[in-house]
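Structural characterization, general
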Amino acid sequence: MTVIVNGYIVNEFNEPTRLNIRLVDGKISEIGAEVKPIAGEEVIDATDLIVAPGFIDVHMHLREPGFEQKETISSGTMAAAHGGFTTICAMPNTNPVPDSAARLEALHQLISEDSHIRVLPYAAITKALDANASVEQLVDFDELVASDIFAFSDDGVGVQSAGTMYQAMAEAARVNKAIVAHCEDNSLILGGSMHDGRRAAQLGVKGIPSVCESVQIARDVLLAEATGAHYHVCHVSTVESVRVIRDAKAAGIHVTCEVCPHHLISDENDITANTGNWKMNPPLRATRDRQALITGLMDGTIDCISTDHAPHCEHEKCGKMEDSAFGIVGSETAFAQLYTHFVKTKIFTLKQLLDWMSQAVADTFSLPYGTLAVGASADIVLIDLNKQKTIDATAFLSLGKNTPYTGQTCYGWPVRTLYNGKTVWQEN
Ligand SMILES: [Zn+2]
């Protein structure tokens, strides 16, 4: 038994309320000011700390199997715990791709051996994520849904054919799982490495136009309407994407979406130089895109926040953008960056930010996590809102050090993460 005392839970009115929490057998058994330590139980003193539901990240790249030099299930889940996450969904662009029951079984085995928190794996939509195949071949949805998967995604590449996506959504609707889509039309990438805008022109780098993303979302919301599937859009980055999703929601289509911290806090104007750590997919867009993402989150068009944590080796990110891999790490800095940029500046409330990283994610996918309630899984993060720290990639627990935010000072750092009632990470 464990009791967390003297901490503050943020209530629905954004008021910090001093409540103690007792954890028994991995579950929350009591919450209240009157809950007092019992002789012999573990006491966690959370004086001056916020006690919040462990964060949920539906978009993380663990890289194992196949790319263990970039990240492993062990290092990636420790990095997530360091960032306050207790549940993460692992994207399928690994080698092999989880596109069959046998591969899912092997993946579940690795997860059970090596993960430090809850890992819910995605299954692929198409065999081997082969977006360049002349005919994309669908996975066996029945076989995979029996393999305990979170949802279906081809993240890393877009599903190119409307016909394939139509069939995939019909199958996903039939087995009652979401299609989680990385939206990118290959014929509109145009060899680009960053957003096709003023900064790309200044730096002389080829640009990826916004329609590369938004045109596929526009296609897919109509396919979702036609099939009745739950269609979730990954890492929304453009003003047009937000508009299409807002209109689709208004039309009653079951579409949801996520936004990443880097697209909320940065835009093309923040790119200091043509260096690999500024390269991500989708790219940092224009100021008006960033503003649309903030508005979309505030008005409910965007449902939740995910990190798109994408670790790479140093040699894959140390050159110019044209020569580098897409993606940055984000698990370990997501909350502090968003807290510093949006809560300290009073744009978001603390309650909103906590919800977008926990309860709202759970609600989007009907997951039984992300809440502090009696009977819920004891997945908890303790956060020191006053703690000030400068981002230092060498201190990351992730094998990936690829962030453009080194040297930025942020407030609001997780200091202890409990998963299933057990401490999986704590400061020092
Ligand atoms: Zn993606």
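Residues numbered from 1 in each chain as written. Predicted model: local features only at pLDDT ≥ 70, side-chain atom pairs only at ≥ 80, totals over all residues. Heavy atoms only, no water.

Some words on the sheet that holds strand E17 (residues 304-305)
Across the sheet, which stays open at both edges, the five strands sit in the order E11-E12-E15-E16-E17 with parallel pairing between neighbours. Because the sheet does not close on itself, it has two edges, and the strands there are strand E11 (152-153) and E17. Note: E11 against strand E12 (residues 179-181), two bridges, orientation parallel. For Phe 152, the partnering residue across the bridge sits in E12 and is Ile 179. (Pairing = 2+ DSSP bridges. Helix = DSSP H or I, 4+ residues; strand = E, 2+ residues; numbered from the N terminus.)

Remarks on the UniProt feature "binding site: substrate" (unreviewed entry) in the protein chain
Per the UniProt entry, the sites bearing "binding site: substrate" (unreviewed entry) are His 61, Leu 62, Arg 63, Asn 93, Asn 281, His 312, Phe 326 and Gly 327 in this numbering. For Arg 63, a relative accessible area of 7% corresponds to the buried category. Those residues in contact with Arg 63 that sit more than four places away from it in its chain are Glu 68, Lys 70, Glu 71, Asn 93, Thr 94, Ala 310, Pro 311 and His 312. Mapped onto the elements, Asn 281 comes out in the loop between helix H8 (261-265) and helix H9 (287-298). A residue is classified by how much of its surface remains accessible, and Asn 281, at 15% relative accessible area, is buried. Of note is the side chain of Asn 281, whose polar atom sits 3.2 Å from the side chain of Glu 184. (UniProt positions renumbered as here; feature names shortened; annotations may be inferred. Buried < 20%, exposed > 50% of the residue type's maximum accessible area, 1.4 Å probe, protein only. Contact = heavy atoms within 4.5 Å. Polar contact = N/O pair within 3.5 Å; in protein donor to acceptor, adjacent residues only side chain to side chain.)

Some words on the sheet that holds strand E5 (residues 27-32)
Ordered by their spatial adjacency, four strands build an open sheet running E5-E4-E1-E6, and the pairing between neighbours is mixed. A single partner strand is all that each edge strand has here, and the edge strands are E5 and strand E6 (42-45). Direction aside, the axes of adjacent strands within the sheet are offset by 20 degrees on average. Here strand E4 (residues 20-24) runs beside E5; their pairing, made up of five bridges, is antiparallel. Of the residues in E5, the one forming a bridge with Leu 23 is Ile 28. (Axes fitted to C-alpha atoms, helices over the stretch in contact; angles between N-to-C directions.)

Considering helix H4 (residues 162-175)
The first and last C-alpha atoms of H4 sit 20 Å apart over 14 residues, in line with the 20 Å expected at 1.5 Å per residue. Along its buried surface, H4 packs onto helix H3 (141-145), E11, E12, helix H6 (211-227) and strand E15 (231-233). Structurally, the start of H4 carries an N-cap: the backbone nitrogen of Gly 163 is 3.1 Å from a side-chain oxygen of Ser 161. In the segment just after H4, Asn 176 is the residue with positive phi, at about 60 degrees. (Expected span 1.5 Å × (residues − 1).)

As for the nonpolar core
Nonpolar side chains tend toward joint burial in soluble globular proteins. Membership of the largest hydrophobic core comes to 96 residues, with the highest contact counts inside it found for Phe 152, Ile 179, Tyr 231 and Phe 335. It is helix H10 (residues 334-343) that contributes the most residues to this core, seven residues altogether. Residues within four places of Ile 179 in sequence aside, it is in contact with Ile 125, Phe 141, Phe 152, Met 165, Ala 168, Met 169, Ala 172, His 230, Tyr 231 and His 232. Residues Phe 150, Cys 304, Ala 362 and Phe 365 belong to the second largest nonpolar core, which totals 17 residues. (Core = buried A, V, L, I, M, F, W, Y, C linked by side-chain atoms within 4.5 Å.)

Digging into the pairing of strand E19 (residues 409-419)
Most of E19 is tucked away: nine of the eleven residues are buried. As defined by bridge partners, strand E18 (residues 380-390) adjoins E19 across eight bridges and the pair is classed as antiparallel. Bridge pairing in E19 links Asp 384 to Trp 413. Pairing of E19 with strand E20 (residues 422-426) involves four bridges; the strand directions are antiparallel. Within E20, the position partnered with Thr 417 by the bridge is Trp 425. What sits between E19 and E20 in their antiparallel hairpin is a turn of two residues, with Asn 420 showing a positive phi close to 55 degrees.

Digging into the packing of helix H7 (residues 239-250) against H9
Running from N to C, H7 and H9 cross one another at 30 degrees; their axes reach a closest spacing of 8 Å. With respect to each other, H7 and H9 are oriented roughly parallel. Of the residues in H9, those touching H7 at Val 239, Glu 240, Val 242 and Arg 246 are Arg 288, Asp 289, Ala 292, Leu 293, Thr 295 and Gly 296. (Parallel < 35°, antiparallel > 145°, perpendicular 65-115°, else oblique.)

A look at the packing of H4 against H6
Axis angle and axis distance: for two packed helices, these are the angle between their axes and the distance between the axes, and together they describe the pair. Following both chains from N to C, one finds H4 and H6 inclined at 40 degrees, their axes separated by 9 Å at the closest point. Considering the angle they form, H4 stands oblique to H6. Two packed elements cross with a definite hand, and for H4 against H6 that hand is right-handed. Seen from H4, the contacting residues are Ala 162, Met 165, Tyr 166, Met 169, Ala 170 and Ala 173; seen from H6, they are Arg 219, Asp 220, Leu 223, Ala 224, Ala 226 and Thr 227. Of the residues that constitute the contact of H4 with H6, the class distribution is nine nonpolar, one polar and two charged. (Left-handed = near helix turned anticlockwise from the far one by under 90°. Nonpolar A, V, L, I, M, F, W, Y, C, P; charged D, E, K, R; others polar.)

A few points about the UniProt feature "binding site: Zn(2+) 2" (unreviewed entry) in the protein chain
Cross-referencing UniProt, the feature "binding site: Zn(2+) 2" (unreviewed entry) maps to Asp 155, His 182 and His 235 in the present numbering. Annotated residues spanning 81 residues; largest pairwise C-alpha distance 10.2 Å, indicating a single compact cluster. Along the chain, Asp 155 falls in the loop between E11 and H4. On the accessibility criterion, Asp 155 (2% relative accessible area) is buried.

Details of the pattern of salt bridges
Applying the stated criterion across every chain yields a total of 15 salt bridges. We note a salt bridge from Arg 22 to Glu 30, for which the minimum N-O separation is 2.7 Å. Salt-bridge contacts for Glu 42 lead to Arg 416; the nearest nitrogen and oxygen are separated by 3.4 Å. Here Glu 42 is found in strand E6, whereas its partner Arg 416 is found in strand E19, with 374 residues between them in sequence. Looking at Glu 42, the relative accessible area reads 37%, which means it is partly exposed. Accessibility expressed as a relative area gives 13% for Arg 416, which makes it buried. Taken together, the salt bridges that share partners define one network made up of Arg 22, Glu 30 and Glu 41. (Salt bridge = Lys/Arg side-chain N within 4 Å of Asp/Glu carboxyl O.)

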